[in-house]
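Here are the chains, one letter per residue:
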Amino acid sequence: MSQETLSNLLQENRRFAPPPELAASANVTAQTYEEAAADRLGFWERQAERLTWAKPWNEVLDWSNPPFAKWFVGGELNVAYNCVDRHVEAGLGDRVAYHWEGEPGDTRTLTYADLQREVAKAANALLELGVRKGDRVAIYLPMIPELPISMLACARIGATHSVVFAGFSAEALRTRIADAQAKVVITADGQNRRGKHAALKPTVDDAVASTPDVEHVLVVRRTGQEVAHHERDVWWHDLVERQSTEHTAEPHDAEHPLYILYTSGTTGKPKGILHTSGGYLTQVAYTHHAVFDLKPETDVYWCSADIGWVTGHSYIVYGPLANGATSVIYEGTPDTPHQGRWWEIIEKYKVTLFYTAPTAIRTFMKWGEEIPARHDLSSLRLIGSVGEPINPEAYVWYRERIGAGRCPVVDTWWQTETGGIMVSPLPGVTEGKPGAAMRPLPGIVADVVDDQGQSVPNGGGGFLVVKEPWPSMLRTIWGDDERYVKTYWSRFEGMYFAGDGAKKDDDGDFWLLGRVDDVMLVSGHNISTTEVESALVSHPKVAEAAVTGATDPVTGQAIVAFVIPRGNAGADVDGEEFVAELRDHVAKTLGPIAKPRQIMVVPELPKTRSGKIMRRLLRDVAENRSLGDVTTLTDSSVMDLISTKLPSAK
Ligand code: ATP
Ligand code: MG
């Protein structure tokens, strides 16, 4: 982004007040912002008291060597004990921790007491395999109960886990195993994907052929498909099932490494983010309580993310379990065996709190509102979004079609690096604005600054930064402190720079505008891809849009857009007339400066495996360059399809 701040084009005036009943009994009230601002460290100290500590801390925050933070210094706790055992000890052993639903329709219910036994057995099994405190374990599993069980077993014995999304290639897995020097890999024979058995074990065999640190591969039988057997392999059902259900959890230091997780790879090569124990668990537990207004006795919570992403780590495993919540886990894809599967699950388990991503919401818009309308979604009381900026139209669709116009939508901004939610409405306090993530949560000091690092006034745009350390912040990039400092702490003196652009509206609320790398400079104006995409999605025939800036001899950069029509848009969506209609629609919504030079109607967009649009690849195509890192791309044929649609780039 240049000297100028981001042009502020989008006007979105719809407002939604918190439902009065929710506000009346909300977990967090407006007063909390003041309390946290008056004594930030005291606030976080009170949140840490949600957890059970074996040894109290003697200092809340050690920031003597920035940007290397230590939280709850001297404190000791066991993360798995906090997520499981203490609830059983409190008499809640019969409460369901997970309603698990397999793609083929098989189910498993795990109470907290069940989970305690399973985690103890898995911890004993890892010990038998020679895993010790401080060792790394790679986990390459589908969305089956053994995935959270494995993570908790690692946490319990102090091994650091590195979960790798079970859709990644052997090469992606190999580099992650090698980077962490994992000693054991936990995997499955295969997984259920769209009614088929997709093999996993051969990918692991491939990956570990050249990772000499791996001593054992622990294999869960999920699909029953045939697998090659190597000497290092051991079946989960042989090893884990015969273990004792007793295991004493030793406390670990508050700063003990809990896990390494690689970022999604939307903007480039993924980074191995390190999270530790006490501060991380404090913030994910607090934010899950505050943002979702969780009432663990009565709520049924479902986060549809994959546990292979940070959203799953923090808001399927650690946050909900630390709070003693009842959650749903679903193994498969949303359209198996039919496009209403998710809504069927909400109806079946009477889900009250639901958390998903804009990419999913836009897919459902594309499929049509009659699909969710066939299901009883009246149990829902709050719905959330994470992963990308949510287009106002997608927000309103989500609120109306899924939330019956009744449920507040919480748009939560955060990253793998932040570990937990940072900017979000509080459902009982904050008025909802479609497309705005609103305010930094209590205890979080975030701001929007210009390129000199000065806070922008209300109405201005710039860079989203965090100005004070927070408990669940990344501690470093695994094995590369220098890259950690350079990537996050060097753009602005003393501030964490997240890489995202944002604007403040007249009330001072934050609107995320996408990656600053994606901002386009058109005839001297900085225009965010997000705003142009949202304008396109606000057209009734558009389900999804991706926008990028391509070099242009006249305007510097020109706006190039790719759109996917809605299911009910009719047959005439490929013609020139439709494209002209969309260009005019953008001009009318945002102003003539934002009118795209080109609009391509496409069947698919390039996305990361976590579902985010990879605009950098579209820019590569639009500017006729060879593609950058594509290892995190879902489907590379999408790029070929798109290239043929873009004659001017050739
Ligand atoms: P990489 O860092 O490898 O490029 P990534 O940034 O996609 O990948 P994640 O940590 O999964 O990896 O995603 C965090 C990013 O997702 C944020 O920086 C932001 O761009 C986007 N994001 C997440 N939630 C929101 C939200 N509610 N509104 C806007 N953007 C969001
Ligand atoms: Mg990122």
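Residues numbered from 1 in each chain as written. Chains lettered and ligands numbered in written order. Predicted model: local features only at pLDDT ≥ 70, side-chain atom pairs only at ≥ 80, totals over all residues. Heavy atoms only, no water.

Labelled according to an unreviewed UniProt entry, the protein appears under the name Acetyl-coenzyme A synthetase, originating from Thermomonospora echinospora. The record in UniProt for the protein states the following under Catalytic activity (unreviewed entry): "acetate + ATP + CoA = acetyl-CoA + AMP + diphosphate". Recorded in UniProt for the protein, the comment headed Cofactor (unreviewed entry) runs: "Mg(2+)". (UniProt positions renumbered as here; feature names shortened; annotations may be inferred.)

This next bit is on the environment of Trp-478. Take Trp-478: it is sitting in the loop between strand E23 (476-477) and helix H16 (481-489). Between the alpha carbons of Trp-478 and Tyr-259 there is a distance of 9.8 Å; along the sequence they are 219 residues apart. At a separation of 3.1 Å, a polar atom in the side chain of Trp-478 contacts the main-chain carbonyl oxygen of Asp-179. (Helix = DSSP H or I, 4+ residues; strand = E, 2+ residues; numbered from the N terminus. Polar contact = N/O pair within 3.5 Å; in protein donor to acceptor, adjacent residues only side chain to side chain.)

Our focus in this paragraph is the nonpolar core. Residues Leu-152, Phe-292 and Tyr-318 are the most contacted members of the largest nonpolar core, which totals 134 residues. The element contributing the most residues to this core is helix H6 (residues 146-157), with 8 residues. Residue contacts for Phe-292: discarding those within four places in its chain leaves Thr-287, Tyr-301, Tyr-315, Leu-353, Tyr-355, Arg-381, Leu-382, Val-410 and Ile-421. In this structure, Leu-10, Phe-354, Val-396 and Val-579 belong to the second largest nonpolar core, which totals 55 residues. (Core = buried A, V, L, I, M, F, W, Y, C linked by side-chain atoms within 4.5 Å. Buried < 20%, exposed > 50% of the residue type's maximum accessible area, 1.4 Å probe, protein only. Contact = heavy atoms within 4.5 Å.)

It is worth spelling out the UniProt feature "binding site: ATP" (unreviewed entry) in the protein at this point. The positions that UniProt labels "binding site: ATP" (unreviewed entry) are, in the present scheme, Gly-387, Glu-388, Pro-389, Asp-411, Thr-412, Trp-413, Trp-414, Gln-415, Thr-416, Asp-500 and Arg-515. Structurally, Pro-389 is set in the loop between strand E19 (382-385) and helix H15 (392-402). Setting aside residues up to four positions removed in sequence, Pro-389 forms contacts with Pro-358, Arg-362, Leu-512, Gly-514 and Thr-530. Within the secondary structure, Arg-515 is located in strand E25 (residues 510-515). Arg-515 has contacts with Thr-266, Thr-267, Gly-499, Asp-500, Gly-501 and Lys-612, leaving out every residue within four places of it along the chain.

Moving on: the sheet that holds strand E7 (residues 160-163). In spatial order, the strands read E12-E11-E8-E6-E7-E14-E15-E23; together these 8 strands make up an open sheet with mixed pairing. Lying at the two open borders of the sheet, with one neighbouring strand each, are strand E12 (233-235) and E23. Relative to strand E15 (residues 272-276), strand E14 (residues 257-262) runs antiparallel, the two being bridged by 5 bridges. Opposite Tyr-262, over in E15, you have Gly-272 as the bridge partner. Across the sheet, H6 lies against strand E6 (136-140), E7, strand E8 (184-188), strand E11 (216-220) and E14, angled at about 175° from E6, the strand it touches most. (Pairing = 2+ DSSP bridges. Axes fitted to C-alpha atoms, helices over the stretch in contact; angles between N-to-C directions.)

Bringing the site of ligand 1 into the picture now. By nearness alone, 21 residues border ligand 1, and Thr-263, Gly-265, Thr-266, Thr-267 and Thr-416 come closest of all. Contacts to ligand 1 include Gly-265, whose backbone N or O atom sits 2.6 Å from an oxygen atom. Pro-389 places a polar main-chain atom, nitrogen or oxygen, 3.4 Å from a nitrogen atom of ligand 1. Considered on its own, ligand 1 offers 640 Å² of accessible surface; in the complex 96% of this is hidden by protein. (Near = heavy atom within 4 Å. Areas by Shrake-Rupley, 256 points an atom, 1.4 Å probe, with all protein chains shown as cover.)

This part covers the packing of aromatic side chains. Scanning all chains against the criterion turns up 37 aromatic pairs. With a centroid separation of 5.9 Å and 90° between ring planes, the pair formed by Phe-168 and Trp-309 is classed as edge-to-face. With a gap of 141 residues between them, Phe-168 in the loop between E7 and helix H7 (170-180) and Trp-309 in the loop between strand E16 (301-303) and helix H11 (310-322) connect regions that are remote in the sequence. Note on Phe-168: relative accessible area 4%, which makes it buried. (Phe/Tyr/Trp six-rings, centres within 6.5 Å; stacked < 30°, edge-to-face > 60°.)

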